[in-house]
Amino acid sequence: MHAFIAVAVGSLMVTVSAAAQTALSEDELRQTFVGKKVEWTKVGITEYKTDGTYEFYSFERNKTFTGKLKYGAGTICYGLVSGGENCDQIFRDAKGIFLKSPKGNISYASIK
């Protein structure tokens with residue numbers, strides 16, 4: 001009986017946690033980021049330019065990357081000048097706006 005209760009409680013916690021985060025729509029992403037600089041905790045600073053490009057400074061690599069942006073429902077994709085692209089999922093929860101990287105890393109936004 002105790003095992004069943006633990007499983008049921010664990011499932012409930014996952015459900016509540018998932019319901020507490022909401023993906024931003026494409027319009028919300030554009031309104032939130034275009035023309036602004038965002039510091040992503042432990043990751044870097046991204047400037048989302050009005051011409052559809054970005055400039056990203058990586059704390060880890062101590063390097064700046066540039067390219068074109070693509071906005072979609074719950075997603076921002078960063079086209080790399082060197083080729084390819086990297087897409088992050090963007091959500092809102094009680095703590096604020098955060099991204100989830102393709103590797104599953106989470107970083108919260110400080111919008112300036």
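Residues numbered from 1 in each chain as written. Predicted model: local features only at pLDDT ≥ 70, side-chain atom pairs only at ≥ 80, totals over all residues. Heavy atoms only, no water.

(A) Expanded view of the pattern of salt bridges. Counted under the stated rule, the structure contains 5 salt bridges. Its salt-bridge partner being Glu 55, residue Lys 49 comes within 3.4 Å of it at the nearest N-O pair. We classify Lys 49 as partly exposed; its relative accessible area is 28%. Taking relative accessible area as the criterion, Glu 55 reaches 33% and is therefore assigned partly exposed. In this structure, Lys 70 and Glu 85 form a salt bridge, with 3.4 Å as the shortest nitrogen-oxygen distance. Here Glu 85 lies in strand 7 (residues 85–93) and Lys 70 lies in strand 5 (residues 63–72), a separation of 15 residues in the sequence. A relative accessible area of 42% places Glu 85 in the partly exposed class. (Salt bridge = Lys/Arg side-chain N within 4 Å of Asp/Glu carboxyl O. Buried < 20%, exposed > 50% of the residue type's maximum accessible area, 1.4 Å probe, protein only. Helix = DSSP H or I, 4+ residues; strand = E, 2+ residues; numbered from the N terminus.)

(B) The environment of Gly 83, seen in detail. Position of Gly 83 among the secondary structure elements: in the loop between strand 6 (75–79) and strand 7. Judged by relative accessible area, which is 39%, Gly 83 ranks as partly exposed. Sequence separation between Gly 83 and Gly 67 is 16 residues, and the spatial gap between their C-alpha atoms is 9.3 Å.

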